[in-house]
Amino acid sequence: MLACLFVWLGAWGAESTVPQPRFTNADLTATDIEPGVTVIETSDKTTMYLVEGDSIAMLIDTGTKCEDLDKVVEALTDKPYIVVATHGHYDHIGNVNYFPEFYMHQADLALDSKQLKEYTGTILPMADGDVFDLGGRRLEVVLTPGHTPGSVCLVDYDNRMAFTGDAFGSGQLWMQLQPQVPFATLAESCGRVIELMAGRGIDKLYVGHYPYLKAPLGLDYLIEVALMARRLDAGDTAGSTEFGTDGARLLQQGAAQIVFRPENTGKQKIKAPTVLLKLDDIHYGYATPVPERWDYVLDFIKDNNIKANLGIIGFSLDSDREDYFQWLRDVAARGDIEFWNHGFRNRQGMDEVGEFEEDYATQYRALHMTDSLATAKAGLKLRGWGPHWTECNQYTDSALATVPNIELAFGYPVPHEQFAGVFVPFSLEMEYPFHNPVYRDFLINYLGRYRNLDSFYLQGHPNSWDEGRRHEFEQIIHQLLADRARFVTISEFIGMQSAD
C-alpha cells in the first residue's frame, strides 16, 4: 500500500496540447512527454525518466525524497524494469535503496557519497558503448565525464534523443564539486555528443533537472557549453560573477552557465591546433591589381597577427599586368603571406571536370605553366599545391612528382605513391555551402567530429565574401585564436614536418 494517495489524471488534456500528468502524489508528478517516455518530476525539482520498450522498461535516476519509489514505478508500467543512474550524486541516486540493484559507471564509485556508502544492494557496472535493449528500443551508454568522473548519457538513436543527467547541466552546469574534473575533459565530452547530434540526428537532450526547463535542450546549447569549457581551460574567466560564498564563480554564454572554481581553470590541456589558412583563387583585377575584396583579407591577416596562404591561378600570370605582378611581389615580401600553385585555369560551374580530373598531359602542363610563370613574372617559388574543388585523379600523383618546387599538397591525390612531399589531408570546412562562411556550421565540425585534429587547413574564397560572410569568417578566426591556434605558412608547415 502506497504511503501517499495517488491521484490519477488523463494522459493528455482533451482540449490542450500541453502534456498533462498521468500520475501524481505528494512527492512527484509523472507526465508522458514522448511515446514510451515518462518524465517524473519531484517536488524539489529533481528528475527521473521512465523509458519503456516492448518488453522491458528503464528507470533513469532515482531522485531525492520519493517514498516507495519502487511502487510508483510499478504503478506506471507493468513491464519488468532496470534502474540506471546517470551519475552518483545524491539527487540522482537518492532512492536506490528501494531497488535491489542498479547500474552506474564505476568511475563514480570514487565520489564521497553517503547514498553509495549506505547502499546494501548490488551496483552493476556499465561502460562506454554498452547497449540496453528494451525490446524495440535501444539505449547506448556514452561516457561523458565532467560534472563527475563517471557521468554518462543514455542515447536513443532511433528516437533521436538522449538522457544526459547533469553531464551538461540544465541551463546551469556545476563543475565546482569534488573531485575536480579538467575542463578539457568536459570539452571532449561535449564534442562527443555534438558529433552524435550532428552525425546521427540526435536533436533532444533530456536533462537531469527537467522541471527548470520543461523542454529538452538542443545542439546550440551544447555548443555554448563546449565553448565555455574551452575558455575556462585557457584561463579566460572574463565576465564571470561570484557564486555562493565559498569562492566559486559563474560564467554564462547564451543559455548556458558553468559554475567553476578559479583554481581549476587555465590548465591548457586542450591542444592548440596548427592551421594552414588556405585562401583560393588569386588573379588580377580589372581596375585594380587584384579584386578589391582581397584588400580586406590582407588587412585582417595583418591586424590579427596571423599567417595565410593564397592560391594563384596560373592564367593570371600569362598576361602583361605588371601592376598585378608587383602586387604579388609586395605581398610576398610581407612575410605573413605565402602563395601556392592553384593550377592554370579556374574551374567554372559549367565545367564537367576540373583540370586535375583530366589526363596526365593536361595536369603536367597546368602545374608547370603556373610554376614557371610565377618565377618568371613575380620571382615566386610556389612550394604548395591544391586542386580546384579538391578533386583529382590517378594521374595527379605522377604529375605532382615532376615539379620540384611543390613540397606540400592540400588533400590527397589518389593514388599518392610518387609525390614525396607533405600531405595535409584534413580540411576543416568553414564555407557552407561553397564560398559561404558560416560560423555555427564550422563550430559543429570543429568542436565535434574534428575536435582532436592536431593540424588542418581552413579553405576560403574571399573574392566571394560580402560583409555578412566576412563577419562569419572573422568569428571563425577569432575562435581559433582564442584556442591558441597557430597559423602557419606552407614553408613553416613543411619545416615542422621535417623536424618531426
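Bear in mind that the values here come from a model prediction, so they are computed numbers and not experimental data. (Residues numbered from 1 in each chain as written. Predicted model: local features only at pLDDT ≥ 70, side-chain atom pairs only at ≥ 80, totals over all residues. Heavy atoms only, no water.)

## Structural notes on the layout of surface pockets
Right, so step 1: If you add up the space inside the largest pocket, you get close to 400 Å³.
Right, so step 2: D91, H147, D166, W174 and H209 are, among the 17 residues lining the largest pocket, the residues nearest its centre.
Right, so step 3: Only α2 (90–93) and β14 (172–174) provide two or more residues apiece to the lining of the largest pocket.
Right, so step 4: When residues in the lining of the largest pocket are grouped by element, the largest group, three residues, is from β14.
Right, so step 5: Tallied by class, the residues present in the lining of the largest pocket amount to five nonpolar, eight polar and four charged. (1 Å grid on protein atoms, 1.4 Å probe; cavity = no way out; pocket = protein on both sides within 12 Å on 5 of 7 lines; lining within 4 Å. Points joined across faces, edges and corners; volume = space filled by probe spheres on them. Helix = DSSP H or I, 4+ residues; strand = E, 2+ residues; numbered from the N terminus. Nonpolar A, V, L, I, M, F, W, Y, C, P; charged D, E, K, R; others polar.)

## Section: the nonpolar core
Right, so step 1: Ranked by size, the top nonpolar core spans 99 residues in total, and within it F442 and L458 carry the most contacts.
Right, so step 2: Top contributing element to this core by residue count: helix α5 (residues 219–234), with 10 residues.
Right, so step 3: For L458, the contacting residues outside a window of four places in its chain are V275, L276, L277, K278, L428, M430, F442, I476, I477 and L480. (Core = buried A, V, L, I, M, F, W, Y, C linked by side-chain atoms within 4.5 Å. Buried < 20%, exposed > 50% of the residue type's maximum accessible area, 1.4 Å probe, protein only. Contact = heavy atoms within 4.5 Å.)

## Some words on empty space enclosed by the protein
Right, so step 1: This structure, assessed with the given rule, holds one cavity of 30 Å³ or more.
Right, so step 2: Of the voids in this model, the largest cavity is the one considered here, and its volume is about 50 Å³.
Right, so step 3: Taken together, R230, D233, A234, I270, A482, D483 and R484 make up the full set of residues lining the largest cavity.
Right, so step 4: Here the lining of the largest cavity gets three residues from one element, more than from any other, and that element is α5.
Right, so step 5: In terms of residue class, the lining of the largest cavity is built from three nonpolar, no polar and four charged.

## Re the environment of S189
Right, so step 1: Mapped onto the elements of the fold, S189 is located in helix α4 (residues 183–200).
Right, so step 2: Residue classification places S189 among the buried residues on the basis of a relative accessible area of 2%.
Right, so step 3: Along the sequence, S189 and A226 sit 37 residues apart, while their C-alpha atoms lie 8.5 Å from each other.

## Side note on the environment of G343
Right, so step 1: Here G343 lies in the loop between β21 (337–341) and α8 (360–378).
Right, so step 2: In sequence terms G343 and F315 are 28 residues apart; their C-alpha atoms lie 8.5 Å from each other.
Right, so step 3: Setting aside anything within four residues of it in sequence, one finds G343 in contact with I312, I313, G314, E355, F356, A366, T370 and H388.

## Considerations on the pattern of salt bridges
Right, so step 1: For the coordinates displayed, the defined rule picks out 25 salt bridges.
Right, so step 2: Note that D32 is salt-bridged to R22, the shortest N-O span being 2.8 Å. You can see D32 sitting in strand β3 (residues 28–34) and its partner R22 sitting in the loop between β1 (7–8) and β2 (23–24), a full 10 residues away along the chain. Summarising the burial analysis for this pair, D32 and R22 share the class buried. (Salt bridge = Lys/Arg side-chain N within 4 Å of Asp/Glu carboxyl O.)

## Brief notes about the sheet that holds strand β16 (residues 241–242)
Right, so step 1: Strands sit in the order β14-β18-β17-β16 across an open sheet of four strands; the sheet is mixed. At either margin of the open sheet sits one strand with a lone partner, and together these are β14 and β16.
Right, so step 2: Sheet topology places β14 next to strand β18 (residues 256–260); three bridges connect them, and they run parallel. Bridged to Q172 within β18 is Q257.
Right, so step 3: Lying on the sheet, α5 is in contact with β14, β17 (249–253) and β18; it crosses β18 at an angle near 35°. (Pairing = 2+ DSSP bridges. Axes fitted to C-alpha atoms, helices over the stretch in contact; angles between N-to-C directions.)

## As for helix α6 (residues 293–303)
Right, so step 1: Among all positions in α6, only W294, Y296, V297, L298, F300 and I301 are buried.
Right, so step 2: In the core, the buried residues of α6 are packed alongside β19 (274–282), β20 (308–312), α7 (322–334), β21 and α11 (467–482).
Right, so step 3: Directly after α6, the chain includes N305, whose backbone phi takes a positive value near 55°.

## Considering the packing of helix α10 (residues 439–449) against α11
Right, so step 1: Viewed as axis vectors pointing N to C, α10 and α11 meet at an angle of 30°, and their least axial separation amounts to 9 Å. For the pair formed by α10 and α11, the contact residues are Y439, R440, F442, L443 and Y446 on the first element and E472, Q475, I476, Q479 and L480 on the second.
Right, so step 2: Split into classes, the residues belonging to the contact of α10 with α11 amount to six nonpolar, two polar and two charged.

## Regarding the pairing of strand β6 (residues 57–60)
Consecutive side chains along a regular strand alternate between the two faces of the sheet.
Right, so step 1: Here β6 shows two buried faces, one formed by A57 and L59 and the other by M58 and I60.
Right, so step 2: Summarising the sheet, strand β5 (residues 47–52) and β6 pair through four bridges and their orientation is antiparallel. Bridge pairing in β6 links Y49 to I60.
Right, so step 3: Connecting the antiparallel pair β5 and β6 is a turn made up of four residues.
Right, so step 4: As judged from the four bridges shared by β6 and strand β7 (residues 81–84), these two strands associate in the parallel manner. The partner of M58 across the bridge, within β7, is I82.

## A word on the confidence of the model for the chain
Right, so step 1: Taken as a whole, the chain shows an average pLDDT of 94; of its residues, 97% reach a score of 70 or greater.
Right, so step 2: Contacts for the low-pLDDT stretch residues 1–16, under 50 throughout, to residues beyond four places or in other chains number 35 contacts. (pLDDT = per-residue confidence, 0-100.)

## Comments concerning the side chain of E34
Right, so step 1: Considering the arrangement of structural elements, one finds E34 in strand β3.
Right, so step 2: Using a relative accessible area of 13% as the deciding quantity, one classes E34 as buried.
Right, so step 3: Apart from the residues lying within four places of it in its own chain, the contact partners of E34 are M161, K204 and Y206.

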